[in-house]
Amino acid sequence: MGRGQNSSGEPVFWYRPPAVGLNALVSGIYGYRENGTAMQGLTEAASLTVPLIVNFGSPFRIGLGQPPTCTDTYGSFAAGLFAGPIVMDSDGAAECIQINFTPLGGRLFFGLPMSELADSMVALDDLADAGINRFARRLADLNCWEARLDLAQHFVATRLGRASQANPAIGWAFCQLMRKGGDVRIGALAEKLDWSRRRLVASFREEIGLPPKSVSRIIRFNAAQDLATKGTATGWADIAAACGYADQAHLTREFTALAGCSPTAWRTGG
């Protein structure tokens, strides 16, 4: 487990890895506490993360693809996939536990079609899940972040261990997209399953939250982000070629759509 910054005014972060054997379903469990410094316009690019946030402090303001308004206020919530940037504000008094699931893990954990969470934030009360609500209350009763992370790790592992199996065909199709960096024809996946393309797209959207073409876009985009972060490519044109984009202009359009800014602005945090 790691701990983040603790200087005056800076937020504090904690991290707990998922239980052994759950890496394909859970990407991490985090604690987050703000220390008085408001967050304004923090933008998160599109990803394949399905988060559960249990908030003990002030709510966040979150806008999908645009700056949030005063009506876009969320305390504890779950969210599905969104093929665009997410913009967040806070007043500096938020503190929460965040559990990040993969789409397959989210399907098992929530026991819901991921299409019901896609393109939205859903308040825990609206989920109407007694087990998750009890878990959130137990977290709130604890004053120790180590204990909160322990509880979250145990609850996630237990619940996933008891979950009913999701659609194995869609699980296979999703893993194929991930394994090949999104560079798979949807028709070819349908042929392998002996399904129609229409059936595959509808079932994929229900199980994962977005259609396979949108998921492939995010996979390629995340790969481009990873290459840019590692600095192993010599420039954006090389990154575009390595990730299967037609050219650098195509890559730039995807960054604008999925991160809300150009590749250069994204790299500099602008």
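Cut-offs used in this document
- Residue indices begin from 1 for each chain and proceed along its sequence in written order.
- Reporting in this predicted model follows two pLDDT cut-offs: at least 70 for local features of residues, and 80 or more for side-chain atom pairs to be given and counted; totals over whole chains, interfaces and linings ignore these cut-offs and use all residues.
- The basis for the side-chain values is all heavy atoms of the structure; hydrogens and waters are excluded.
- Secondary structure elements follow DSSP: runs of H or I of four or more residues count as helices, runs of E of two or more count as strands, with numbering from the N terminus.
- Each residue's exposure class comes from its accessible area (1.4 Å probe, protein chains only) as a fraction of the maximum for that residue type: buried when under 20%, exposed when over 50%, partly exposed otherwise.
- Throughout this description, a polar contact denotes any pair of N or O atoms lying within 3.5 Å of each other; where both atoms belong to protein, one of them has to be capable of donating a hydrogen while the other can accept it, and for residues adjacent in sequence the pair is counted only when both atoms sit in side chains.
- In what follows, a contact means two residues having at least one pair of non-hydrogen atoms within 4.5 Å.
- In the sections that follow, a salt bridge refers to a side-chain nitrogen of Lys or Arg positioned within 4 Å of a carboxyl oxygen of Asp or Glu.
- Pairing of aromatic rings covers Phe, Tyr and Trp, the last counted by its six-membered ring, and requires centre-to-centre distances within 6.5 Å; plane angles under 30 degrees mean stacked, over 60 mean edge-to-face, and any other angle means tilted.

Let us now look at the side chain of Asn55. Residue placement: Asn55 occurs in strand β5 (residues 50-55). Take Asn55: its relative accessible area is 11%, and that puts it in the buried class. A polar contact is formed between the side chain of Asn55 and the backbone nitrogen of Gly57, at a distance of 2.9 Å. Once you skip the residues sitting within four places of it in the chain, Asn55 turns out to touch Phe60, Tyr74, Gly75, Ser76, Ala94, Glu95 and Cys96.

In the structure shown here, the tally under the stated rule is seven salt bridges. Arg217 is the salt-bridge partner of Glu254, the closest N and O atoms lying 2.8 Å from each other. Of this pair, Glu254 sits in helix α10 (residues 248-259) while Arg217 sits in helix α8 (residues 212-230); the two residues are 37 residues apart in sequence, bridging distant segments of the chain. Within this structure, Arg16, Glu146 and Asp150 form a network of salt bridges that share partners.

This part takes up the side chain of Asp129. Positionally, Asp129 belongs in the loop between α2 (124-127) and α3 (130-141). Since its relative accessible area comes to 17%, Asp129 is described here as buried. Side-chain polar atoms of Asp129 contact the backbone nitrogen of Gly131, separated by 3.1 Å. Dropping the residues within four chain positions of it, Asp129 is found in contact with Phe110 and Arg159.

For any pair of aromatic rings, the description consists of the separation of the ring centres together with the inter-plane angle of the planes. Within the structure shown, the criterion is met by 14 aromatic pairs. On the numbers, 5.2 Å between centres and 45 degrees between planes, the contact of Phe13 with Tyr32 is tilted. Here Phe13, found in strand β2 (residues 12-16), pairs with Tyr32, found in strand β3 (residues 26-33); they are 19 residues apart in sequence, far enough to count as distant. Residue classification places Tyr32 among the buried positions, given a relative accessible area of 14%.

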